[in-house]
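Summary of structural features
What follows is each chain in one-letter form.
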Amino acid sequence: MFIGSHYPKLDDKFRLILPAKFRDRLAGGLFVTKGQEHCLVVVPREDYLRRAEKMLAEVTFGTPQYRNLNRQLFHDADEQTPDGQGRILLSQKLRDWASLSRDLVVAGTGNHIEIWNPEAHAAYMAEGAEAFANYSEEVRGN
């Protein structure tokens, strides 16, 4: 499980050193792709492939929604294996999508990791704080 927030910086070659506690789960490979709210999502390789197959099976082929979802998720996705120091490269297209510069927020969200622009992350978390404060177990159907 991926939990916690970290505040690394990209190096001069636009590489991210993954937080040490995330590295073991990602050692076999990962995918970096677009996330909602203009963040990036990092998913272990096996999880990404399983999710992609499930999504492709559930969405009606040929619809505008299908085409858009495929394009958004797959066109700029990047498969990588972290190097010996736990580094991955963040492509220019993905950095542009998430408005990333040197400073980052890398946050565990349970089954994946999100990479955020720090200002966007702070704004998103502040915006959702009231909804979180009013969260009820009934929302989940329990």
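One structure accompanies this document, and this report is about it. Being a predicted model, the structure only gives us computed values, none of them experimental.

**What about the overall build of the protein chain?**
For the protein chain, the count of helices and strands is five helices and eight strands. Mapped from its N terminus to its C terminus, the protein chain presents α and β elements in the order β-β-α-β-β-α-α-β-β-α-β-β-α. Since a compact globule built from 142 residues should have a radius of gyration of about 14 Å, the 16 Å found for the protein chain is in line with a globular shape. Taken along the three principal axes of its C-alpha coordinates, the protein chain extends 40 × 40 × 30 Å. Here the protein chain holds 142 residues, and the buried ones make up 35% of them. Considering only intrachain contacts with a sequence separation of at least 6, the fraction spanning at least 24 residues in the protein chain is 60%. A total of about 8900 Å² of accessible surface is found on the protein chain, and carbon and sulfur atoms cover 54% of it. For the protein chain, the centre of its 18 positive side-chain charges and the centre of its 20 negative side-chain charges are spaced 5 Å apart.

**Some thoughts on the side chain of Arg95**
For Arg95, the position within the fold is in helix H4 (residues 92-97). With no salt bridge to any partner, buried Arg95 finds its closest opposite charge in Asp96, at an N-O distance of 5.9 Å.

**Remarks on the layout of surface pockets**
Empty space among the atoms can be located by rolling a probe the size of a water molecule over them. As a volume, the largest pocket reaches approximately 450 Å³. Lining the largest pocket are 22 residues, with Thr33, Lys34, Gln36, Arg51 and Leu73 sitting closest to its centre. Sort the elements by how many residues they give to the lining of the largest pocket and helix H2 (residues 45-58) lands first, with six residues. Split by residue class, the lining of the largest pocket holds ten nonpolar, six polar and six charged.

**Things to note about the pattern of salt bridges**
One pass over the full model with this rule turns up ten salt bridges. Between Lys9 and Asp103 there is a salt bridge, and its shortest N-O distance comes to 2.3 Å. Here the residue Lys9 occupies a position in the loop between strand S1 (5-6) and strand S2 (15-17), and Asp103 occupies one in the loop between H4 and strand S7 (105-108), the gap between them amounting to 94 residues. Judged by its relative accessible area of 53%, Lys9 is exposed.

**What about the pairing of strand S3 (residues 30-34)?**
Burial analysis of S3 places five of its five residues in the buried class, which makes it a mostly covered element. Connecting S3 to the antiparallel partner strand S4 (residues 40-44) that follows it, the hairpin turn spans five residues, and Glu37 within it adopts a positive phi of roughly 60°. Here S3 pairs with strand S5 (residues 78-80) via three bridges, running antiparallel. Residue pairing in the sheet places Phe31 in a bridge with Glu79 of S5.

Rules used throughout
- Residues numbered from 1 in each chain as written.
- Predicted model: local features only at pLDDT ≥ 70, side-chain atom pairs only at ≥ 80, totals over all residues.
- Heavy atoms only, no water.
- Helix = DSSP H or I, 4+ residues; strand = E, 2+ residues; numbered from the N terminus.
- Rg over C-alpha atoms; globule rule 2.2 N^0.38 Å.
- Buried < 20%, exposed > 50% of the residue type's maximum accessible area, 1.4 Å probe, protein only.
- Contact = heavy atoms within 4.5 Å.
- Areas by Shrake-Rupley, 256 points an atom, 1.4 Å probe, with all protein chains shown as cover.
- Lys, Arg positive; Asp, Glu negative; His and termini not counted.
- Charge placed at Lys NZ, Arg CZ, Asp CG, Glu CD.
- Salt bridge = Lys/Arg side-chain N within 4 Å of Asp/Glu carboxyl O.
- 1 Å grid on protein atoms, 1.4 Å probe; cavity = no way out; pocket = protein on both sides within 12 Å on 5 of 7 lines; lining within 4 Å.
- Points joined across faces, edges and corners; volume = space filled by probe spheres on them.
- Nonpolar A, V, L, I, M, F, W, Y, C, P; charged D, E, K, R; others polar.
- Pairing = 2+ DSSP bridges.

Geometric values such as these leave the question of function open.
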